[in-house]
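Structural overview for review
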Amino acid sequence: MNNSFAKKCRDNNIDCSKAYKFRAKHSDLTDEQIIEYYRNKKTIDYASIRLGERNISLNGLEMELVKYINSHDIDVQFEDGTIVHHKNYTNFKKGYIPHPKYRICEHVGTFKNEKIFLCTCKTCTGKHVLKLSEMKEFECTRGNHTK
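A brief look at the structure comes next. (Residues numbered from 1 in each chain as written. Predicted model: local features only at pLDDT ≥ 70, side-chain atom pairs only at ≥ 80, totals over all residues. Heavy atoms only, no water.)

Right, let's get into the pairing of strand S5 (residues 102–111). Regular strands have side chains that alternate between both faces of the sheet. Inspection of the sheet shows S5 paired to strand S6 (residues 114–121) by eight bridges, in the antiparallel sense. For His107, the partnering residue across the bridge sits in S6 and is Phe117. Hairpin connection from S5 to S6: two residues lie between these consecutive antiparallel strands, with Lys112 at a positive phi of about 50°. (Pairing = 2+ DSSP bridges. Helix = DSSP H or I, 4+ residues; strand = E, 2+ residues; numbered from the N terminus.)

Written as structure tokens, this is what we have:
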């Protein structure tokens, strides 16, 4: 192992293991060119870019990214206020984040400036007409409960 290359990496706050892997793939580059590449390489702060991003879940509810640790660990808040933890960013983008209570929620109208939804319950598979303000606190009392 080349100690001077490792020292150059440490002096420039560069991850030595990444630099060595990059160096192995690009043997035509000098150590100085590799150090310069990493010095100029900008780290992307995905958390600040993606925080607050909105999407529509396949169940029909709007969701917002409220916490971003990395692409495999995000927290999502549905428009009813329910937060689900430790989800995948790719699934968020595709709308694959399920609501813990509802299979499908269809916006059917608005009454006194409040959205009204027809939601299919995961517990009883029945349909419930709910105001957006009622959705988070809703507890199903119908059907066979397996929980």
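It is worth spelling out the sheet that holds strand S3 (residues 73–78) at this point. Spatial strand order, S1-S2-S3-S4: four strands in an open sheet with antiparallel pairing. Each end of this open sheet is capped by a strand with a single partner; those strands are strand S1 (54–56) and strand S4 (83–87). For this sheet, the mean angle separating the axes of adjacent strands, direction not counted, is 30°. Pairing of S1 with strand S2 (residues 62–70) involves three bridges; the strand directions are antiparallel. Bridged to Arg54 within S2 is Glu64. (Axes fitted to C-alpha atoms, helices over the stretch in contact; angles between N-to-C directions.)

All right, on to the nonpolar core then. The biggest cluster of nonpolar side chains holds 21 residues, and the ones touching the most others in it are Ile74, Phe92, Tyr102, Cys105, Cys119 and Met135. Only S2, S3, helix H5 (89–94), S5 and S6 provide two or more residues apiece to this core. If we ignore the near neighbours within four places in the chain, the residues touching Cys119 are Tyr102, Ile104, Cys105, Gly126, Lys127, His128, Leu130 and Met135. (Core = buried A, V, L, I, M, F, W, Y, C linked by side-chain atoms within 4.5 Å. Buried < 20%, exposed > 50% of the residue type's maximum accessible area, 1.4 Å probe, protein only. Contact = heavy atoms within 4.5 Å.)

The next thing to look at is the packing of aromatic side chains. Enumeration according to the criterion identifies seven aromatic pairs in this entry. Consider the rings of Phe22 and Tyr37, whose centres lie 4.4 Å apart with planes at 5°: the pair is stacked. Linking Phe22 in helix H2 (residues 16–25) with Tyr37 in helix H3 (residues 31–40), this pair joins segments that are 15 residues apart in sequence. Members of the aromatic cluster, each reached through a chain of ring pairs, are Phe22, Tyr37 and Tyr38. Looking at Arg50, its charged tip hangs above the ring of Tyr89, at a distance of 3.9 Å from the centre. (Phe/Tyr/Trp six-rings, centres within 6.5 Å; stacked < 30°, edge-to-face > 60°. Lys NZ or Arg CZ within 6 Å of the ring centre and 35° of its normal.)

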